[in-house]
Amino acid sequence: MERIIKIILLITIMMASITLFFVLLKVILPKLFLKIEYSVESRLGRGVKKYTYPNGRAVLYEPHPKYRKFVNKYMLFTNDGYKYLKCCLDKGVKNIKLSVVMFDNRGRALDSIVVTCEMKDSLETQAILLHQSTSYVSLQVDNVNNVNLENDTVKRCSLKNVIFYSIFVALTFFAGIAVFNILSADILEYFNLTFLDFSMSFGSVLGWSLLVAILIFMRTIRSAKKRGIKVVRNARK
């Protein structure tokens, strides 16, 4: 009975270790190290008027001069507790693509969205639902009438954080293999399968871990480039 309890415990620990391994790689480490900063100073509008009404309130903005010939003005407003964005466009705009970054009242980025609007009989876009904690937004025009505009990269990620992320992924891989070696040996011994050997030497695990760090670093840089994220020494610059 004691041996049965021991093997059940070993298998449970192994399954829990595998689960923790993937949670660390997929959720915890990216959240800790791959934080995105936004450089939006050149995309902030200027508030010109405030409104209040029974169902909420609104603030009218002028966009940054760079985009004013396409977006004459935009409004952030609340309605029944929800927050929205609506833009008034120039009459020559038939379709437009906007990148919107939402910020709370402490200046922290909440989320970013890309919106494409097809204009027909109106110069106003439909109401765009925002994050509920949005206090202000940065507005960037990416495309007008199917013509791309040149814009600097808004999203930035710290190179130092990418390096630390790669190192901790490698350490997690190293620890995971070490735990697997110990547990698998005990489990195979219990089932008299000692002729099977899945263990790896310390040197092999270390070598594979270093390779994982290099591959993860390269993959992260390439993925950031595809997503329009600039990896810089200081993400706030």
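Residues numbered from 1 in each chain as written. Predicted model: local features only at pLDDT ≥ 70, side-chain atom pairs only at ≥ 80, totals over all residues. Heavy atoms only, no water.

## A few points about the nonpolar core
Here is a general trend for soluble globular proteins: nonpolar side chains tend to be buried in one another's company. Counting residues in each nonpolar core, the largest one holds 24 residues, and the members touching the most others are Val71, Leu85 and Ile96. Excluding residues within four positions of it along the chain, leucine 85 makes contact with Tyr74, Met75, Leu76, Phe77, Val100, Gln126, Ala127, Ile128, Leu130 and Leu139. Judged by nonpolar contacts, the second largest core, of eight residues, contains Phe21, Tyr165, Val212 and Ile216. (Core = buried A, V, L, I, M, F, W, Y, C linked by side-chain atoms within 4.5 Å. Buried < 20%, exposed > 50% of the residue type's maximum accessible area, 1.4 Å probe, protein only. Contact = heavy atoms within 4.5 Å.)

## A closer look at the environment of isoleucine 167
Mapped onto the elements, isoleucine 167 comes out in helix H2 (residues 159-190). Residue isoleucine 167 is classed as partly exposed on the basis of its relative accessible area, which comes to 39%. (Helix = DSSP H or I, 4+ residues; strand = E, 2+ residues; numbered from the N terminus.)

## A closer look at the layout of surface pockets
Over the atoms, a rolling probe the size of a water molecule traces out where space has been left empty. There is about 440 Å³ of room inside the largest pocket. Ile36, Glu37, Tyr38, Arg108 and Ala109 are the residues nearest the centre of the largest pocket, which is lined by 17 residues in total. When contributions to the lining of the largest pocket are tallied by element, the ones reaching two or more residues are strand E1 (37-38) and strand E7 (109-118). Here the lining of the largest pocket takes four residues from E7, the largest share from any one element. (1 Å grid on protein atoms, 1.4 Å probe; cavity = no way out; pocket = protein on both sides within 12 Å on 5 of 7 lines; lining within 4 Å. Points joined across faces, edges and corners; volume = space filled by probe spheres on them.)

## Overview of the pattern of salt bridges
For the structure shown, the criterion picks out three salt bridges. A salt bridge links arginine 46 to glutamate 62; the nearest nitrogen and oxygen atoms lie 2.7 Å apart. One end of the pair, arginine 46, is in strand E2 (residues 46-53); the other, glutamate 62, is in strand E3 (residues 56-62), with 16 residues separating them in the sequence. Residue classification places arginine 46 among the partly exposed residues on the basis of a relative accessible area of 48%. Residue glutamate 62 is classed as partly exposed on the basis of its relative accessible area of 25%. In this structure, the salt-bridge partner of aspartate 104 is arginine 108, at a minimum N-O distance of 2.9 Å. A residue is classified by how much of its surface remains accessible, and aspartate 104, at 6% relative accessible area, is buried. (Salt bridge = Lys/Arg side-chain N within 4 Å of Asp/Glu carboxyl O.)

## A look at a positive patch on the surface
Taken together, the side chains of Lys26, Arg219, Arg222 and Lys226 define a basic patch exposed on the protein surface. Structurally, arginine 222 can be placed in helix H3 (residues 202-226). Residue class for arginine 222 comes out partly exposed when judged on its relative accessible area of 47%. (Patch = residues over 30% accessible without salt bridge, like charges linked within 9 Å, V, L, I, M, F, W, Y side chains within 5 Å. Areas by Shrake-Rupley, 256 points an atom, 1.4 Å probe, with all protein chains shown as cover. Lys, Arg positive; Asp, Glu negative; His and termini not counted. Charge placed at Lys NZ, Arg CZ, Asp CG, Glu CD.)

## Describing the confidence of the model for the chain
Counting all residues, the mean pLDDT for the chain is 86, and 89% of those residues have values of 70 or more. The least confident element of the chain, judged by mean pLDDT, is E1 at 80; the most confident is strand E5 (residues 82-89) at 95. (pLDDT = per-residue confidence, 0-100.)

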